[in-house]
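Structural overview
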Amino acid sequence: MKMMFQTEREDLANTVHKMFDRKDTNIAGGNMSIKVFDQNDHPYILMTPTFMSETFYADLHPAQIMVIDAETYEKVDGVGDVTREVNMHEEAYTAHPGIRCVYHSHAPKAMFWATSGLDMPNVTEVTRELGEIKCLPYAPACTQELADTVHDALLKIGDKAMENVFLLNSHGILVTTTDLHVATRVMETLEWNAEIAYQQTIFIKLGLLPDYQSCGKNYKEPMPKGALPGIAMPQFNKEAREHPFPDNIQRPNEDKY
């Protein structure tokens with residue numbers, strides 16, 4: 001018998017393991033979730049469990065992916081316990097209906113900017129579609145204050161929330177996207193941008209650059225109209241559906257064979 005949302009839970013378990021191995025989060029934590037719908041359009045949140053990193057090193061069985069009712073916020077399936085940071089994910093999903101993945105990471109290079117309380121200069125071409133990379137005001141981890149801070153900040157940016165990065169002051173990174181694999185792309189390219197922006201900071205201090213540079217000019221200058229891609233939308237693949245078997249099936253009379 002298949003689990004609830006087995007394919008999606010397998011994908012999330014595999015993805016979070018890859019991200020841990022690539023050091024896009026650390027053993028202190030981080031968590032990932034996606035929003036899915038059943039055949040009646042009822043929403044659910046599939047989310048990594050508590051101690052994902054500390055105990056399991058992100059090597060999760062799909063059964064350990066929590067299934068949470070997105071209307072009642074009750075756990076309906078999954079081996080283990082729901083992380084205390086689930087409130088931040090829930091608040092993010094309520095901020096915009098187009099958010100289908102929330103990825104909270106402790107990636108090291110981006111953490112430099114977050115722990116410094118600084119907005120990250122957006123200098124690489126591939127990250128320019130993200131626009132400003134803002135650092136939110138500090139709020140303690142796992143608190144309702146942090147969840148509310150994230151929710152309010154996402155509300156303010158409208159549709160940008162469907163593909164966005166916030167730095168969480170002294171805590172980490174929060175990616176919101178339309179799809180799990182878009183979120184991993186955003187996180188990996190953000191790490192490259194974090195390192196390159198740091199290196200440009202050194203050149204600026206040495207007097208070798210007047211300011212942060214991007215796409216051949218000052219990073220604050222907007223990209224030409226039409227130069228940025230649209231918000232990445234996932235493809236809707238065909239899914240197998242249950243189909244009834246013929247009625248009145250009987251085992252053949254063995255004497256005839």
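What counts as what
Residues numbered from 1 in each chain as written. Predicted model: local features only at pLDDT ≥ 70, side-chain atom pairs only at ≥ 80, totals over all residues. Heavy atoms only, no water. Helix = DSSP H or I, 4+ residues; strand = E, 2+ residues; numbered from the N terminus. Buried < 20%, exposed > 50% of the residue type's maximum accessible area, 1.4 Å probe, protein only. Contact = heavy atoms within 4.5 Å. Areas by Shrake-Rupley, 256 points an atom, 1.4 Å probe, with all protein chains shown as cover. pLDDT = per-residue confidence, 0-100. Phe/Tyr/Trp six-rings, centres within 6.5 Å; stacked < 30°, edge-to-face > 60°. 1 Å grid on protein atoms, 1.4 Å probe; cavity = no way out; pocket = protein on both sides within 12 Å on 5 of 7 lines; lining within 4 Å. Points joined across faces, edges and corners; volume = space filled by probe spheres on them. Nonpolar A, V, L, I, M, F, W, Y, C, P; charged D, E, K, R; others polar. Pairing = 2+ DSSP bridges. Axes fitted to C-alpha atoms, helices over the stretch in contact; angles between N-to-C directions.

Another aspect to go through is the overall build of the protein. Check the secondary structure of the protein and you find five helices and 10 strands. In the protein, buried positions account for 47% of the 257 residues. Considering only intrachain contacts with a sequence separation of at least 6, the fraction spanning at least 24 residues in the protein is 65%. Accessible surface, the protein as shown: approximately 14500 Å² in total, 53% of it carbon and sulfur.

Okay, the confidence of the model for the protein next. Per-residue pLDDT for the protein has a mean of 89; in total, 89% of the residues score no lower than 70. Per-element confidence in the protein ranges from a low mean pLDDT of 89 for helix H1 (residues 6-21) to a high of 98 for strand S7 (residues 164-168).

Applying the stated criterion across every chain, the model contains four aromatic pairs. Both rings, one in Phe5 and one in Tyr44, keep their centres 5.3 Å apart while their planes meet at 55°; by these two values the pair is tilted. Residue Phe5 is found in the segment before H1, and its partner Tyr44 is found in strand S2 (residues 43-47); the two are separated by 39 residues along the sequence. You can call Phe5 buried: its relative accessible area is 15%. Here Tyr44 falls in the buried class, since its relative accessible area comes to 12%. Judged by centre distance (5.3 Å) and plane angle (75°), the ring pair of Tyr212 and Tyr219 falls under edge-to-face.

Turning our eyes to something else, we now look at the layout of surface pockets. In this structure, the second largest pocket spans a volume of roughly 320 Å³. As for the second largest pocket, its lining consists of 16 residues, of which Asn122, Gly131, Glu132, Tyr219 and Lys220 are closest to the centre. Of the residues assigned to the lining of the second largest pocket, the class counts are eight nonpolar, two polar and six charged.

Here we come to the environment of Glu71. Locating Glu71 in the fold gives a position in the loop between strand S3 (66-69) and strand S4 (75-77). Its relative accessible area of 54% is what places Glu71 among the exposed residues. Note: C-alpha distance between Glu71 and Ile45 (26 residues apart in sequence) is 9.6 Å. Residues within four places of Glu71 in sequence aside, it is in contact with His42 and Pro43.

This next bit is on the sheet that holds S2. A sheet is described by the order of its strands in space; here eight strands give the open sequence S4-S3-S2-S1-S5-S8-S7-S6, paired in mixed fashion. Only two strands of the sheet have a single partner each, and these edge strands are S4 and strand S6 (134-136). For this sheet, the mean inter-axis angle between neighbouring strands, taken without regard to orientation, is 25°. Across the face of the sheet, helix H5 (residues 180-205) comes into contact with strand S1 (31-37), strand S5 (101-105), S7 and strand S8 (172-177) while running at roughly 140° to S8.

With that settled, the discussion passes to the pairing of S1. Counted residue by residue, S1 has six buried out of seven residues, so it is predominantly covered. Two strands pair when backbone bridges link them, and S1 and S5 are joined in this way by four bridges, in the antiparallel orientation. Paired with Ile34 across the strands is Cys101, a residue of S5. With five bridges joining them, S1 and S2 adopt antiparallel strand pairing. Residue Lys35 lies in a different strand from S2, and its bridge partner there is Ile45. The loop that links S1 with its antiparallel partner S2 comprises five residues; one of these, Asp41, has a positive phi angle of about 65°.

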